[in-house]
Amino acid sequence: MSEVDGRGKRPTLAAIAAAAGVSTATVSKVLNGRDDVGARTRERIERLLVEHEYLQVPPKRAGSGHRTIGLIFDDFMSPYATELIRGVTDAGTVADADVVVGRFSDGMSGYSSGTTWARRLVKAGRDGVLVVTSDLTSQQVAGFAKVRLPLVVVDPVHTPQAGVASVGATNWTGGLTATEHLVSLGHRRIAHLGGPAGAAISQARLHGFRAAMANAGLPVDPALVVDGGFGFDAGVELAGRLLASDAPPTAIFAVTDVCAFGVVQAARAHGVRVPEDLSVVGFDDTYVARWVTPALTTVRTPLQDMGRFALQMLLRLVEGEVLDPHHIELATQLVVRDSTAPPRASS
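Every value quoted in this text rests on a predicted model; they were computed, and no experiment measured them.

Moving on, we get to the layout of surface pockets. To find the voids left in a structure, one rolls a probe of water-molecule size over its atoms. The space that makes up the largest pocket amounts to roughly 410 Å³. Looking at the lining of the largest pocket residue by residue, the classes come out as 9 nonpolar, 4 polar and 5 charged.

Before going further, it helps to spend a moment on the sheet that holds strand β4 (residues 151-154). Ordered in space as β2-β1-β3-β4-β5-β11, the 6 strands form an open sheet in which the pairing is parallel. Among the strands making up the open sheet, the edge pair consists of β2 (97-103) and β11 (327-330). If you compare each strand with its neighbour and ignore which way they point, the axes differ by 20° on average. Bridge count between strand β3 (residues 128-132) and β4: 4 bridges; the pairing is parallel. Following the sheet pairing, Val132 is matched in β4 by Val154. Contacting β1 (67-73), β2, β3, β4, β5 (165-169) and β11, helix α11 (residues 303-318) runs over the sheet at an angle of about 170° to β5.

Among the 5 residues in β3, 5 count as buried, and that is most of the element. Neither face of β3 is open: one carries Gly128, Leu130 and Val132, the other Val129 and Val131, and all of them are buried. Of the pairings in the sheet, the one linking β1 to β3 comprises 5 bridges and is parallel in character. In the sheet register, Ile69 faces β3, and the bridge partner there is Gly128. On the question of chirality, the crossover connecting β3 to the parallel β4 by way of helix α6 (residues 138-146) is right-handed.

What follows deals with the sheet that holds strand β8 (residues 251-254). Pairing is mixed across the open sheet formed by 6 strands, whose spatial order is β7-β6-β8-β9-β10-β12. Each edge of the open sheet carries a strand with a single partner, namely β7 (225-227) and β12 (333-335). The average angle at which neighbouring strand axes cross in this sheet is 20°, direction not considered. Where strand β6 (residues 190-194) and β7 come together, 3 bridges link them in parallel fashion. Pairing of His192 across the sheet is with Val225, part of β7. Contacts between helix α7 (residues 171-184) and the sheet are confined to β6, β8, β9 (279-284), β10 (297-300) and β12, with β9 contributing the most and set at about 165° to the helix.

Scanning the entire structure with this criterion turns up 12 salt bridges. Between Asp127 and Arg67 there is a salt bridge, and its shortest N-O distance comes to 3.7 Å. Here Asp127 is found in the loop between α5 (114-123) and β3, whereas its partner Arg67 is found in strand β1, with 60 residues between them in sequence. In terms of burial, Asp127 and Arg67 fall into one category: buried. Between Arg300 and Asp285 there is a salt bridge, with its nearest N and O atoms 2.7 Å apart. Of the two residues, Arg300 sits in strand β10 while Asp285 sits in the loop between β9 and β10, which places them 15 residues apart along the sequence. Overall, Asp285 belongs to the buried group, its relative accessible area being 8%.

Here the amide bond leading from Val274 into Pro275 is cis, since omega sits at 10°, within 30 degrees of zero. As for its position among the elements, Pro275 is in the loop between α10 (257-269) and β9. The linkage connecting Thr293 with the following residue, Pro294, adopts the cis geometry, with an omega of -5°. Turning to its location among the elements, Pro294 is positioned in the loop between β9 and β10.

Pairs of aromatic rings are described using the distance from one ring centre to the other and the angle between the two planes. This model, assessed by the stated rule, comprises 3 aromatic pairs. Judged by centre distance (5.1 Å) and plane angle (85°), the rings of Trp117 and Phe144 are edge-to-face. Of this pair, Trp117 sits in helix α5 while Phe144 sits in helix α6; the two residues are 27 residues apart in sequence, bridging distant segments of the chain. On the basis of an interplanar angle of 35° and a centroid distance of 6.4 Å, the ring pair of Phe253 and Phe283 is categorised as tilted. Pair noted here: Phe253 is in strand β8 and Phe283 is in strand β9, with a separation of 30 residues, a long-range link. There is no split in this pair, since Phe253 and Phe283 are both buried. Its guanidinium or amino end placed over the ring of Phe283, Arg205 lies 3.7 Å from that ring's centre, counting from NZ or CZ.

What follows is about α6. Here α6 has its buried residues at Gln140, Val141, Gly143 and Phe144. All buried residues of α6 fall inside an arc of 155° around its axis, so they share one side. Residue Arg148 follows α6 closely and has a positive phi angle near 55°.

Conventions used here
- Residues numbered from 1 in each chain as written.
- Predicted model: local features only at pLDDT ≥ 70, side-chain atom pairs only at ≥ 80, totals over all residues.
- Heavy atoms only, no water.
- 1 Å grid on protein atoms, 1.4 Å probe; cavity = no way out; pocket = protein on both sides within 12 Å on 5 of 7 lines; lining within 4 Å.
- Points joined across faces, edges and corners; volume = space filled by probe spheres on them.
- Nonpolar A, V, L, I, M, F, W, Y, C, P; charged D, E, K, R; others polar.
- Pairing = 2+ DSSP bridges.
- Helix = DSSP H or I, 4+ residues; strand = E, 2+ residues; numbered from the N terminus.
- Axes fitted to C-alpha atoms, helices over the stretch in contact; angles between N-to-C directions.
- Contact = heavy atoms within 4.5 Å.
- Buried < 20%, exposed > 50% of the residue type's maximum accessible area, 1.4 Å probe, protein only.
- Right-handed = clockwise from strand over helix to strand, strands pointing away.
- Salt bridge = Lys/Arg side-chain N within 4 Å of Asp/Glu carboxyl O.
- Phe/Tyr/Trp six-rings, centres within 6.5 Å; stacked < 30°, edge-to-face > 60°.
- Lys NZ or Arg CZ within 6 Å of the ring centre and 35° of its normal.
- Arc of directions from axis to C-beta.

Structure representation (structure tokens):
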């Protein structure tokens, strides 16, 4: 059995070279990103490196300790992403760390394999990675561990795996305070527009909504609790469906600000005035919430602070520190603006 075929041991550079039929110098060139290797040879070597999990440890940078961090989103074309980027880059400036923003999708080649994805990031010179809102698979998390690339998940969609560092917000409390505000105004038929079914952050906000309704002794109409998505189109579609029903809500708590913007758009399309006929509450308090008409009542998530904390945690991991705790939640806060008012019946 060859050294590359063995189990439970790290293959040597020479063994990889022998299996590929090239010299160790050629394998080293591929590992170091040199472009003077033929495409077919490079492909053969990279395939062997992935298949046999050759763990190339990223070299420590000499001198000042300057770092390069990857900040990766599913979608960074949103106010939410802008707020996080601001927090991460502000902290990066203070810590002398460059931040490179990127995007990934499960459908993109190589990203479903954690090891392949992680190797690409190491090859690109990343010392650590922040992944935002994404639902990482166990294979992807294992891939980062195999190449010893530090990882922190920001605002995770689902509860992170044990040992994965993460930064989030108090979503349950946010859902509670948003609903308590609507109840205090006199609303009784309150709808909850959630994110994708099963998403932990959406479920936490929903549980906060249910707790507030229960505390007020109010029933929750199952027809007014709907799941869909975090975006604008989901808000338009779900709110449109509710407003067209025989017994529409007088208030809607939406899972994000962007979803809430869609609710306001649907209300206009149905001739429903906000807040005179319908109160709307969002979640996040991105900068756009102050610009729309009416200005949006929302739950403030400290997105910039989350970005700063996440970068600081990641840099500690890069330096070999052990984090305790692994997960940090920052406090949310209700911000009351112009999109909420008492229902017409109680006026």
